[in-house]
Amino acid sequence: MEFILNNKKYSILNHELYINYLMVDSYFKDHALYEYDIHFDFLNPLLSKDKIEFEDILEGTGDLEELIEKEEISFLPTGVIIQEHLNGNFKIIYQDLEFSNIKVGEAIPLLISLNSLITYKPIVTLAQIQEELTHFIEKFRTYQ
């Protein structure tokens with residue numbers, strides 16, 4: 001999948017995007033600071049399996065591709081700014097929120113999480129989003 005943000009072209013393999021959604025789903029289920037009902041229903045067929053094969057991920061990836069085509073899901077929050085540091089890492093900015101030195105592999109899961117919290121009902125404050133995403137980054141980095 002390719003997308004343009006701030007006049008720069010980015011790309012991610014579709015199955016990698018699917019796996020990022022799996023990681024974010026797991027974070028909100030098991031590791032979030034606060035309780036949110038954030039879950040991605042298109043992951044249910046995979047999560048209900050006892051044993052997961054790569055073909056299952058590819059099948060789920062196809063479901064995700066359809067949702068993206070129909071514009072029923074997006075991981076890019078409206079108004080987000082991504083700047084690239086000289087070291088190749090990113091600064092992700094949304095309104096008053098800033099996340100610096102975000103590594104390439106952290107950027108998409110962070111954007112998925114940010115978008116999930118921005119669109120969550122009831123509304124989550126920017127301060128709570130900052131706290132939650134800082135925790136998300138810490139958890140993500142200790143997982144790797």
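Residues numbered from 1 in each chain as written. Predicted model: local features only at pLDDT ≥ 70, side-chain atom pairs only at ≥ 80, totals over all residues. Heavy atoms only, no water.

Student: Would you take a moment to explain the packing of helix H1 (residues 14-30) against helix H5 (residues 126-143) for this structure?
Tutor: Any two packed helices are characterised by how steeply their axes cross, that is the angle between the axes, and by the distance between the axes. Between H1 and H5, the least distance of the axes is 11 Å, while the angle of their chain directions is 115°. When the axes of H1 and H5 are compared, the pair comes out roughly perpendicular. In the crossing of H1 with H5, the sense of the turn from one axis to the other is right-handed. Taking contact as the criterion, the partners of Met23, Val24, Tyr27 and Phe28 in H1 are, on H5, Glu132, His135, Phe136, Lys139 and Phe140. Broken down by class, the residue content of the contact of H1 with H5 amounts to 6 nonpolar, 1 polar and 2 charged. (Axes fitted to C-alpha atoms, helices over the stretch in contact; angles between N-to-C directions. Helix = DSSP H or I, 4+ residues; strand = E, 2+ residues; numbered from the N terminus. Parallel < 35°, antiparallel > 145°, perpendicular 65-115°, else oblique. Left-handed = near helix turned anticlockwise from the far one by under 90°. Contact = heavy atoms within 4.5 Å. Nonpolar A, V, L, I, M, F, W, Y, C, P; charged D, E, K, R; others polar.)

Student: Sorry if this is basic, but what is going on with helix H3 (residues 54-69) here?
Tutor: Note that an α-helix has 3.6 residues per turn; residues three or four places apart therefore point the same way. Between its terminal C-alpha atoms H3 stretches 23 Å, which fits the 22 Å expected from 16 residues at 1.5 Å a residue. Regarding H3, the residues found buried are Asp56, Ile57, Gly60, Thr61 and Leu64. The buried side chains of H3 occupy one side of the element, clustering within an arc of 140° when seen end-on. Residues of H3 that are exposed and point more than 90 degrees away from the buried face comprise Glu55, Glu59 and Glu69. Each element contacted by the buried residues of H3 is listed here: H1 and helix H2 (44-47). Glu71 occupies a position one or two residues after H3 and carries a positive phi of about 60°. (Expected span 1.5 Å × (residues − 1). Buried < 20%, exposed > 50% of the residue type's maximum accessible area, 1.4 Å probe, protein only. Arc of directions from axis to C-beta.)

Student: Could you clarify how one ought to interpret the pairing of strand E4 (residues 90-94) in this entry?
Tutor: A regular strand places its side chains so that they alternate between the two faces of the sheet. Most of E4 is tucked away, with 5 of its 5 residues classed as buried. Where burial is concerned, the two faces of E4 agree: the one with Phe90, Ile92 and Tyr94 and the one with Lys91 and Ile93 are both buried. Note that strand E3 (residues 81-84) and E4 share 4 bridges and pair antiparallel. Bridging across to E4, Glu84 finds its partner in Phe90. Once E3 ends, the chain turns through 5 residues before running back antiparallel as E4, passing Gly88 with a positive phi of about 95°. Pairing analysis gives 4 bridges linking E4 to strand E5 (residues 97-102), with the strands arranged antiparallel. Opposite Ile92, over in E5, you have Phe99 as the bridge partner. Count of turn residues in the E4/E5 antiparallel hairpin: 2 residues, of which Gln95 carries a positive phi of about 50°. (Pairing = 2+ DSSP bridges.)

Student: Can you help me understand unusual backbone geometry in this one?
Tutor: Trans peptide bonds make up most of the peptide bonds, and negative phi angles are found at most residues other than glycine. A cis amide bond links Lys121 with the next residue in sequence, Pro122, at an omega value of 0°. Along the polypeptide, Pro122 turns up in the loop between helix H4 (104-118) and H5. One non-glycine residue, Glu71, adopts positive backbone phi at about 60°. A residue is classified by how much of its surface remains accessible, and Glu71, at 72% relative accessible area, is exposed.

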